[in-house]
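Each chain is listed here by its residues.
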Amino acid sequence: MKRLFLLLLILAVVACKKTAPTAPATSTTPTTSTTPTTPTTPKETAIKTTTIALQLAGVSPENLGTALDRSIPGTIHYVQNNEENLIIAPTLFYSEPLIPSIHLKRKNNEWTYIANYPEAAMGCGRDSKLLDNNGTVVFADHGIEPSQVTWPFGNILIAKTNGEKLTWTTISKERGFYHSIATGDVNSDGLTDLVGLHMGTKGTWADNLHTYLQKNDGKFEENRNLISYNNWLGAYGAGAVLIANILGDARPEIIRADYRVFPAYPSKRYSFAIFSFSSTTGKYEFVKTPGVFGFASTQFGVTSMKAVDLDKDGDLDIVLAYEGDQTNGVEIWTNNGNGDYVYSNQRLEYKFNELQFREFEIADVNDDGWQDIVLNGWGGNLFKVDQNKGEVLLNNLVWKNANGTFERINTPNRVILGQMPTYMKAFIVSNKLKFIGIRGTSDGKLIINDISPVF
């Protein structure tokens, strides 16, 4: 993940005009301006660009612009009370200060700044998930990665929508390198629980999977005994975690995806490992892994994963996004109905100069009843065609599902945004695909491109 943010920093330095503003003494209400819709091809694609001038206490405009550019994994969109919300967790990634999280709402068809939250300043908001339909969001923060000192690591935080504002709670007691977060009811009490995956911890909880059980009062309590490693194969690295009922039994499974081979543990690579609840031991036990990755064993490993029925056979298949030294991609594993997964030989892979992403979304982008894969792109000449004009090709961010077989969309969906976004994330709003492009500027402005494409 270091390469991702280093390249974003280079992009921000090249694209932004350098200034030397000073940090304001106090937070003030930002100003908002909206540009007219830009002509696009195809004409059905709707675009709205909003520019918000931000001022955060103790944060220089230049640092703020850089941190906004690096916020791709820490940005989440959700709808609560029929109102669109956007939470952005900016990060400098390699250094302090930590930047407060930013909350916006869509009012009268305009993105409007609501507040910033110093109590939710994250080193790097690496992953986020919705906990319910009431505007409750959980963030996995892996902390900054300073080069000269011991990494401070991050926490697991929860943001709850409370009227116009957010209230924040930190539920983790020990700091960890939280790279992924999963949600699901793992103890069958009707409440949504959490499993955080870390790549290193500063406390005593050395296992990769950290379980937090929700109580009746809405609070979360750590449980270090729910997952057993007695049957586990060895000390593997891990990059992503998922909770999904893939075996068709009474409880969902916990799926942990591989990341990196460590010299101290030269064990055989695997793709993902399945932990299932045992009524005998009362714990989640390792039960199976389908084998090694479809992609080369020299790649780093999985950065995100999802379970979805891609071939419409009634069971959940698994989609993995992975990264390597000079490549990234997506591959599909199909389920035979019993949780026996087979690599499908369907893989979409790009070199970094072609297209860069680490996360993806699942959506039926053309209303044909088949779930497609949409990439959250942030770099590459197949996506960003012309930096000067802000010209992007949206079709290269979609891997179309044609009756269970995936293919690229060859018809260009070309959009000119005027100013190139640093990254673009896909969200599903009212069952329709929306791209939100984010860019920070050196004078502290947040530029939001709201794009509703038609494929």
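Calculation rules
Residues numbered from 1 in each chain as written. Predicted model: local features only at pLDDT ≥ 70, side-chain atom pairs only at ≥ 80, totals over all residues. Heavy atoms only, no water. Phe/Tyr/Trp six-rings, centres within 6.5 Å; stacked < 30°, edge-to-face > 60°. Helix = DSSP H or I, 4+ residues; strand = E, 2+ residues; numbered from the N terminus. Buried < 20%, exposed > 50% of the residue type's maximum accessible area, 1.4 Å probe, protein only. Lys NZ or Arg CZ within 6 Å of the ring centre and 35° of its normal. Pairing = 2+ DSSP bridges. Axes fitted to C-alpha atoms, helices over the stretch in contact; angles between N-to-C directions. Salt bridge = Lys/Arg side-chain N within 4 Å of Asp/Glu carboxyl O. Contact = heavy atoms within 4.5 Å.

1. Thoughts on the packing of aromatic side chains
- Overall, the coordinates contain 20 aromatic pairs when judged by the stated rule.
- Ring centres 6.1 Å apart and planes at 90 degrees place the aromatic pair Phe 153 and Phe 177 in the edge-to-face group. Taken together, the positions of Phe 153 in the loop between β8 (136-141) and β9 (156-162) and Phe 177 in strand β11 (residues 176-184) put the pair 24 residues apart, joining distant regions of the chain. Grouping residues by exposure puts Phe 153 and Phe 177 together as buried.
- Measuring from ring centre to ring centre gives 5.1 Å for Trp 232 and Phe 286, while their planes differ by 75 degrees; the resulting arrangement is edge-to-face. Placement of Trp 232 in the loop between β14 (220-223) and β15 (238-244) and of Phe 286 in strand β18 (residues 283-288) is noted, with a sequence separation of 54 residues between them.
- A relative accessible area of 15% places Trp 232 in the buried class.
- An aromatic cluster of at least three residues, connected via ring pairs, comprises Tyr 229, Trp 232, Tyr 270, Phe 275 and Phe 286.
- A cation over an aromatic ring shows up here: Arg 260 above the ring of Phe 300, its NZ or CZ 4.3 Å from the ring centre.

2. Considerations on the sheet that holds strand β22 (residues 341-351)
- The strand order across the open sheet formed by four strands is β19-β20-β21-β22, and the pairing between neighbours is antiparallel. With partners counted over all chains shown, the strands left at the sheet margins are β19 (301-308) and β22, one partner each. On average, each strand axis in the sheet is tilted by 20 degrees relative to the strand beside it, whichever way the strands run.
- In terms of strand pairing, strand β20 (residues 317-323) meets strand β21 (residues 327-335) through six bridges, oriented antiparallel. Of the residues in β21, the one forming a bridge with Glu 323 is Asn 328.

3. Let's talk about the pattern of salt bridges
- A full pass over the atoms with the stated rule returns 20 salt bridges.
- Lys 434 is the salt-bridge partner of Glu 84, the closest N and O atoms lying 2.6 Å from each other. Of the two residues, Glu 84 is situated in strand β4 (residues 83-88) and Lys 434 in strand β31 (residues 432-440); the sequence distance between them amounts to 350 residues. Lys 434 carries the same exposure label as Glu 84, and that label is buried.
- Among the charged side chains, a network of salt bridges with common partners joins Glu 83, Lys 105, Lys 107 and Glu 164.

4. Describing the sheet that holds strand β23 (residues 356-363)
- If you walk across this open sheet you meet the four strands as β23-β24-β27-β28, and the pairing is antiparallel. For this open sheet the edge positions go to β23 and β28 (405-408), each flanked by a neighbour on one side alone. Direction aside, the axes of adjacent strands within the sheet are offset by 25 degrees on average.
- Pairing between strand β24 (residues 372-379) and strand β27 (residues 398-402): two bridges, direction antiparallel.

5. Details of unusual backbone geometry
- That bond from Glu 96 to Pro 97 is cis: its omega, 10 degrees, falls within 30 degrees of zero.
- Residue position: Pro 97 is located in the loop between β4 and β5 (99-107).
- The phi angle at Asn 81 is positive, at roughly 55 degrees, despite the residue not being glycine.
- With relative accessibility at 67%, the residue Asn 81 sits in the exposed group.
- Its identity is not glycine, yet Lys 312 carries a phi of approximately 60 degrees, on the positive side.
- If you trace the backbone, Lys 312 turns up in the loop between β19 and β20.

6. Things to note about the environment of Phe 275
- Residue placement: Phe 275 occurs in strand β17 (residues 272-278).
- Overall, Phe 275 belongs to the buried group, its relative accessible area being 0%.
- Apart from the residues lying within four places of it in its own chain, the contact partners of Phe 275 are Ile 227, Ser 228, Tyr 229, Trp 232, Glu 253, Ile 254, Tyr 284, Glu 285 and Phe 286.

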